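# Topology and contacts: notes
Single-letter residue listing:
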Amino acid sequence: MPLIKVQTSVDAPSKGAVEDLLKQLSASLAKHIGKPESYVMTAFQPGTPMTFAGTTDPTCYIEIKSIGTMGGKTKTMSQEFCAQVQAALGVPPDRTYIEFADAQGAMWGWNGRTFG
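The notes below deal with the structure included here. Predicted model only: the values in this text are computed from it and were never measured. (Residues numbered from 1 in each chain as written. Predicted model: local features only at pLDDT ≥ 70, side-chain atom pairs only at ≥ 80, totals over all residues. Heavy atoms only, no water.)

Moving on to the overall build of the chain. A tally of regular secondary structure across the chain gives 2 helices and 6 strands. When the elements of the chain are put in sequence order from the N terminus, they spell out β-α-β-β-α-β-β-β. A globule of 116 residues ought to have a C-alpha radius of gyration of about 13 Å, and the chain, at 14 Å, matches this closely. Across its three principal directions, the C-alpha atoms of the chain cover 40 × 30 × 25 Å. The buried share of the chain, reckoned over its 116 residues, is 38%. Intrachain contacts of the chain at a sequence separation of at least 6 include 77% that bridge at least 24 residues. Summed over all atoms, the accessible surface of the chain reaches about 6400 Å², with 53% contributed by carbon and sulfur. (Helix = DSSP H or I, 4+ residues; strand = E, 2+ residues; numbered from the N terminus. Rg over C-alpha atoms; globule rule 2.2 N^0.38 Å. Buried < 20%, exposed > 50% of the residue type's maximum accessible area, 1.4 Å probe, protein only. Contact = heavy atoms within 4.5 Å. Areas by Shrake-Rupley, 256 points an atom, 1.4 Å probe, with all protein chains shown as cover.)

Structure follows, in structure tokens:
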């Protein structure tokens with residue numbers, strides 16, 4: 001049930017560029033947490049009114065959720081996802097926040113049941 005959701009103040013690039021970014025993020029998340037990519041969901045919300053450090057310069061907020069612990073993997077994931085977002089959207093890493101959240105299986109539903 002891993003999820004990576006990108007919310008940004010930047011307008012969406014072309015549909016193909018968005019799809020490429022989401023596929024890249026999906027594969028990277030699956031690799032980092034060691035779960036099948038068939039369970040990974042990605043989402044992209046462009047053009048969201050946002051500020052960071054008191055300005056409306058391009059910014060980004062990324063949510064990453066997964067059942068289990070991401071523990072010591074978050075530093076590497078942060079570096080990689082910031083680099084991918086910067087390459088695709090032009091948002092610098094110092095204007096990107098990432099929230100890593102470990103979910104309990106019983107608190108995540110799929111296919112009419114939960115994972116715990």
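The discussion continues.
Moving on, we get to the packing of helix α1 (residues 15–33) against helix α2 (residues 74–89). The interhelical angle for the contact between α1 and α2, taken along N-to-C directions, is 170 degrees, at an axis separation of 11 Å. Compared by their axis directions, α1 and α2 come out roughly antiparallel. For the pair α1 and α2, the contacting residues are Leu21, Gln24, Leu25, Ser28, Leu29, Lys31, His32 and Ile33 in the first and Thr76, Met77, Glu80, Phe81, Gln84, Ala88 and Leu89 in the second. Partitioning the contact of α1 with α2 into residue classes produces 8 nonpolar, 5 polar and 2 charged. (Axes fitted to C-alpha atoms, helices over the stretch in contact; angles between N-to-C directions. Parallel < 35°, antiparallel > 145°, perpendicular 65-115°, else oblique. Nonpolar A, V, L, I, M, F, W, Y, C, P; charged D, E, K, R; others polar.)

Attention now goes to the pattern of salt bridges. Between side chains of opposite charge, pairing is possible as soon as their charged atoms come close. Tallied over the full model, the rule gives 4 salt bridges. Ionic pairing is found between Glu63 and Lys5, a salt bridge with its closest N-O pair at 3.9 Å. Here Glu63, found in strand β3 (residues 60–67), pairs with Lys5, found in strand β1 (residues 3–8); they are 58 residues apart in sequence, far enough to count as distant. The buried category is assigned to Glu63, whose relative accessible area is 13%. According to the relative accessible area criterion, Lys5 is partly exposed, its value standing at 26%. (Salt bridge = Lys/Arg side-chain N within 4 Å of Asp/Glu carboxyl O.)

The element β3 is extensively covered by neighbouring structure, given that 6 of its 8 residues are classed as buried. Summarising the sheet, β1 and β3 pair through 6 bridges and their orientation is antiparallel. What sits directly across from Val6, in β3, is Ile62. For β3 and strand β4 (residues 96–103), the ladder comprises 8 bridges, and the chain directions are parallel. (Pairing = 2+ DSSP bridges.)

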